[in-house]
Amino acid sequence: MLRKSSEPLKGDREVLLDLDNCSEAQPSDNYGSLHNGAYIPPRFFSAANEDADDPVYVHCDPRGNQTAPQAGNYFRDGRTKIDFVLVWEIRARRKRRGKGRAEVTGGEGDAVPPGESSRSERRKAQLAQWRDKFVQNLEMAGLLMEKEEKANEKKTIHFLKISAPWDVLVYYAEELCLRAPLQAQQHLDLNTSALVMKRLCIPNVMRESVPNRPLDYYTCAFRKSKMNRFLGYENQENYFSNTQRHRVLYEILARTVYGKRKRAEVGVDRLVNEGAYTAAFPLHEGPFQLPDHEIRPDDLNQRQVLYYYWARWWKWYKYQPLDHIREYYGEKIALYFAWLGFYTAWLLPAALVGTLIFISGVMSMSTNTPAEEICGSGANYLMCPLCKTCTAWNMSDICTMAKLGYLFDHPGTVFFSVFMSFWAVTFLEYWKRKMATLAHHWDCMDFHEEEERPRPEFAAMAPTMEQNPVTGVKEPYFPETTRLSRMFTGSMVIVLMLCVVIIFLVTVVMCRGIISVMMYHTGSPVLRTEAATIANISSSVVNLGLILLMGQVYTALAEQLTKWEMHRTQTQYDNAFTFKVFIFQFVNFYSSPFYVAFFKGRFVGYPTNYGTLFGMRNEDCGPGGCLIELAEQLFIIMVGKQLINNIQEFILPKVKAWRQRKTLAKVLGSDGSNEPKRWEEDYQLVECAGLFEEYLEMVLQFGFITIFVAAFPLAPLFALLNNWVEIRLDAHKFVCEYRRPVAERAQNIGVWFNILEALSHLSVIANAFLIAFTSDFLPRLLYQYRFDNDLQGYVNFTLAYAPLNYTEYPMCRYKAFRDNDGNYTLFYWELLAVRLGFIIAFEHVVFFVLRAIDWIVPDVPGSLELKIKRERYLAKQALAENQEALLVSRGPGAALAAPGTSSPGSDASFGVLN
């Protein structure tokens, strides 16, 4: 053991929290002392010499005697685990020497006078000093270190391998509230479809036996004083999982000072941003490639298991090994993949129903009486010009578009809108149940925001210290009024950026009008007929490009605004950043479809009284109606964005990794006699970009398939196809191309769930207005009720005559319910009343059923509530001073099972709980 009393721990905590702690820096090229490759903090030298002859094995391995050195993620002694790696690069002709100062050498090794050093050289010296102080404070925290170098004639790459000894892990495990095992329990099958298929005796091709599945335990918060109450406490080597070790190391690295408090010079993340380190990451468990020789599945490392059973493309129809993902990447990433898989599975019925609705529209096209009337009208309906310089045209010219418009505007789409409204809310209700089950299964049920510590940047920049009302401990504090004023200022910036989006939308609208006029003046009959369609498609492509460009600009702006707002915890920071970006992207992506769905064609006016915008006549809906134009826009924006994102996710990581390998090949590959080490191979991978972009892409997709589904019933099908690809793309990125991220805890998907709920409710309102005002469903229904059930004469009924004073083309027709003077007819007001009544009835019925579903489906399954009570009972008994009750509850035959072994009957060994 490194520590023999609590004093060193107390000192370590003071070093980590006192950001003004200034002590003498260590030499930049000598981080403590290296004995047989292992770093020994100086203050342990005396204790080492007293306890053993070889200080390396005393401090690198608290267990004493060891077996032969092991290959893999270990120090050179083969016994000390590598928990984290820090990397920095130095050009060979500029080497840092001495304490706290930088001496620059020229190409021949001659010293350059300090007064003549450039700004770049002074910057190098500053970074070296920061590294020295940072490593010294890590030493004070009791971490073990070992340094490796790779060099050629131009560059030297330094790898600092860091390991946390047992006493450091124990200390921070209690401080971070890590969960410790109390009793093993049987594995539970969390796949609802697997249970249903098992009961129906249907073979399940999606099930697959994945080796080395992590055991499930009843757990409670770790306590050092109750160490002997937990399972496997004797096995110090493997007691803490690798992800727990990484979490502890990252906590220390994130809180360690390297400069002065007033400048917020704290934490490894800022050191990386400043350029002092080029990378900081935990190591992968090994290569992901399978060995050439035959190997037992149980002998695969965790990364190979994930690659073979999850990340490969031909595993697209198999269940995801969520327990393995959580064991390797932590709960936050595992919850994302659990949500993505759950969402994709629920898209199956939506895609099936939407495809059937679309097929029914194709099959019933011949029964569309209005389209048949248009196609057979010949020259009966002379339509008024579409622009000032255009000529009149015959309605029979739009025969094809009239038939195609029926595919997106028929009675089946109304049913599908209602179905998708119920689908969205039911999906979210059952996801809440799934989320609660996974949170308990992965020991995150009790993870709340009050457990989170202040962000390192917040702690460094907060002006005062105040007492935490929950814990009673003084913590960094930032005045709430100042934060609110900053948030208000940030909201003004958001409003300004939203105005920019609206300006771009107006530009696209005007561009569409110009393209229509240009197509019409070409003289080609085909181009004249399809001018509106060509203009809509081309402007949608331009709009997609503007959307993607503005999204990148605003994301960078939102990140800086959120940092400036000084949020205390990482959860608050993430939620604020997510909200900003989503609000912008919502307007960015949905403004054009909203315009087409609810505004286009509403302010056209009529002959002699047309509405204008900047001197141009307001747009009218195309020949097939606004729904088919909306479907075209949704297809281009939604599917186009998905294709571009998938191409980027497939190509960009490979290109970045190739460039990284090419840059480092001359340095890392200089020694051909030895294979690359794990830290060298991981350094050549791409830094993990996080989950924000992944969630944002899926949530925007959720909005497309719910808000505008009445116009595009094939949207769920395209979403399903995309998500099958998305799961494997993301899995391949995390397993093969990303450096291993630090495992993070989470009990849900955060603010994204609130956004999904808001979108599901908005979809009900949007679909009600879409059916009422954009679709021809209600006008046809009212005409059938009032005049003709077969819709005979419906086309002529919907066309009005131009006013008598319109002299350009007397008696031309236009689509509206107006009389010869341009006034609305009685039928228009009856139809308006029907539309408003439909919206009220639709919303009330749907929302009533949704509330009933919410009430009927509990957020937490009943079986899970029993398990939670059982676990709390065990935790109370295990941490109690009197152990008699626990022993009785387990029974004489129950044995303590160590992690890595199963306990027969452990699930029922503690008796019945009331």
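Residues numbered from 1 in each chain as written. Predicted model: local features only at pLDDT ≥ 70, side-chain atom pairs only at ≥ 80, totals over all residues. Heavy atoms only, no water.

## Quick word on the pairing of strand β6 (residues 179–185)
Part 1 of the argument: Counted residue by residue, β6 has six buried out of seven residues, so it is predominantly covered.
Part 2 of the argument: Sheet analysis places β6 next to strand β7 (residues 216–221), joined by six bridges and oriented antiparallel. Looking across to β7, one finds that P181 is bridged to T219. (Buried < 20%, exposed > 50% of the residue type's maximum accessible area, 1.4 Å probe, protein only. Helix = DSSP H or I, 4+ residues; strand = E, 2+ residues; numbered from the N terminus. Pairing = 2+ DSSP bridges.)

## Concerning the confidence of the model for the protein
Part 1 of the argument: Counting all residues, the mean pLDDT for the protein is 77, and 79% of those residues have values of 70 or more.
Part 2 of the argument: No element of the protein has a lower mean pLDDT than helix α3 (residues 55–60), which averages 31, and none a higher one than helix α11 (residues 331–363), which averages 93.
Part 3 of the argument: Per-residue pLDDT stays below 50 along residues 94–113; that stretch engages in 31 contacts with residues further than four places along the chain or on separate chains.
Part 4 of the argument: Throughout residues 882–914 the model reports pLDDT below 50, and contacts reaching past four residues in sequence, or to other chains, amount to 51 contacts. (pLDDT = per-residue confidence, 0-100. Contact = heavy atoms within 4.5 Å.)

## A closer look at the pattern of salt bridges
Part 1 of the argument: Enumeration over the complete set of coordinates arrives at 33 salt bridges.
Part 2 of the argument: The residue K155 makes a salt bridge to E89 at a minimum N-O spacing of 3.3 Å. Here E89 lies in strand β3 (residues 84–91) and K155 lies in strand β5 (residues 155–163), a separation of 66 residues in the sequence.
Part 3 of the argument: According to the relative accessible area criterion, K155 is buried, its value standing at 16%.
Part 4 of the argument: Three or more residues are tied together by salt bridges with common partners; here these are R76, E146, E148 and K161. (Salt bridge = Lys/Arg side-chain N within 4 Å of Asp/Glu carboxyl O.)

## Structural notes on the nonpolar core
Part 1 of the argument: If you look at the biggest cluster of nonpolar residues, it comprises 121 residues, and the most contacted ones within it are W310, Y329, W339, Y343, W423, L630 and I749.
Part 2 of the argument: Looking at this core, the element that brings in the most residues is α11, giving 17 residues.
Part 3 of the argument: Here W310 is in contact with V305, K315, Q320, P321, I325, Y329, F337, I727, R728, A731 and V735, once residues within four sequence places are set aside.
Part 4 of the argument: Grouped together as the second largest cluster of nonpolar side chains are 42 residues, F134, L143, L169 and L178 included. (Core = buried A, V, L, I, M, F, W, Y, C linked by side-chain atoms within 4.5 Å.)

## Side note on empty space enclosed by the protein
Part 1 of the argument: This structure, assessed with the given rule, holds seven cavities of 30 Å³ or more.
Part 2 of the argument: The dominant element in the lining of the second largest cavity, judged by the number of residues it contributes, is helix α18 (residues 531–564), at four residues.
Part 3 of the argument: Considered class by class, the residues forming the lining of the second largest cavity number six nonpolar, four polar and no charged. (1 Å grid on protein atoms, 1.4 Å probe; cavity = no way out; pocket = protein on both sides within 12 Å on 5 of 7 lines; lining within 4 Å. Points joined across faces, edges and corners; volume = space filled by probe spheres on them. Nonpolar A, V, L, I, M, F, W, Y, C, P; charged D, E, K, R; others polar.)

## Thoughts on the state of the cysteines
Part 1 of the argument: Under the counting rule described, the total for this entry stands at two disulfides.
Part 2 of the argument: One disulfide in the model links C375 with C399; its S-S distance is 1.8 Å. Sign of the S-S torsion, about 90° for the bond between C375 and C399, identifies this disulfide as right-handed. A residue pair is termed long-range when its members are at least 10 positions apart, and C375 in helix α12 (residues 369–375) and C399 in helix α13 (residues 399–405) qualify at 24 residues.
Part 3 of the argument: We classify C375 as partly exposed; its relative accessible area is 25%. (Disulfide = S-S within 2.5 Å.)

## Structural notes on a positive patch on the surface
Part 1 of the argument: A cluster of basic side chains, namely R91, K124, K154, K662 and K666, defines a positive patch on the protein surface.
Part 2 of the argument: Following the sequence through the fold, K154 ends up in the loop between β4 (144–151) and β5. (Patch = residues over 30% accessible without salt bridge, like charges linked within 9 Å, V, L, I, M, F, W, Y side chains within 5 Å. Areas by Shrake-Rupley, 256 points an atom, 1.4 Å probe, with all protein chains shown as cover. Lys, Arg positive; Asp, Glu negative; His and termini not counted. Charge placed at Lys NZ, Arg CZ, Asp CG, Glu CD.)

## A closer look at the sheet that holds strand β8 (residues 279–281)
Part 1 of the argument: One open sheet holds the four strands; their spatial order is β4-β5-β3-β8, and the pairing between them is antiparallel. Both outer strands of the open sheet, β4 and β8, are each paired with one neighbouring strand and no more. Ignoring which end each strand starts from, the neighbouring axes of this sheet average 15° apart.
Part 2 of the argument: Here β3 runs beside β8; their pairing, made up of three bridges, is antiparallel. The residue bridging L86 from the neighbouring strand is A280, located in β8.
Part 3 of the argument: The strands touched by helix α4 (residues 119–140) are β3, β4 and β5; relative to β3, the strand with the most contacts, the crossing angle is about 160°.
Part 4 of the argument: Where helix α7 (residues 242–255) meets the sheet, it contacts β3 and β5, and its direction lies at approximately 50° from that of β3. (Axes fitted to C-alpha atoms, helices over the stretch in contact; angles between N-to-C directions.)

## Focus on unusual backbone geometry
Part 1 of the argument: Although it is not a glycine, C201 adopts a positive phi angle of roughly 60°.
Part 2 of the argument: With respect to the helices, strands and loops of the structure, C201 is situated in the loop between α6 (192–199) and β7.
Part 3 of the argument: Unusually for a residue other than glycine, M566 sits at a positive phi of about 60°.
Part 4 of the argument: Structurally, the position occupied by M566 is in the loop between α18 and α19 (570–598).
Part 5 of the argument: Classification of M566 by relative accessible area gives buried; the value is 3%.

## Remarks on the packing of aromatic side chains
Part 1 of the argument: Here the structure, examined in full by the defined rule, presents 66 aromatic pairs.
Part 2 of the argument: Centroid distance F416 to F419: 6.1 Å. Interplanar angle 15°. Geometry classified as stacked. Pair noted here: F416 and F419 are both in helix α14 (residues 411–441), with a separation of three residues, about one helical turn.
Part 3 of the argument: Judged by relative accessible area, F416 falls into the buried class, the value being 0%.
Part 4 of the argument: F419 sits in the partly exposed class, given a relative accessible area of 23%. (Phe/Tyr/Trp six-rings, centres within 6.5 Å; stacked < 30°, edge-to-face > 60°.)

## Here's the deal with the packing of helix α10 (residues 322–329) against α11
Part 1 of the argument: With their axes 7 Å apart at the nearest point, α10 and α11 run at an angle of 150° to one another. Classified by the interaxial angle, the pair formed by α10 and α11 is roughly antiparallel. By crossing handedness, the relation of α10 to α11 is classed as right-handed. Between α10, through L322, I325, R326 and Y329, and α11, the contact on the second element is made entirely by E331, I333, A334, F337 and A338.
Part 2 of the argument: Within the contact of α10 with α11, the residues separate by chemical class into seven nonpolar, no polar and two charged. (Parallel < 35°, antiparallel > 145°, perpendicular 65-115°, else oblique. Left-handed = near helix turned anticlockwise from the far one by under 90°.)

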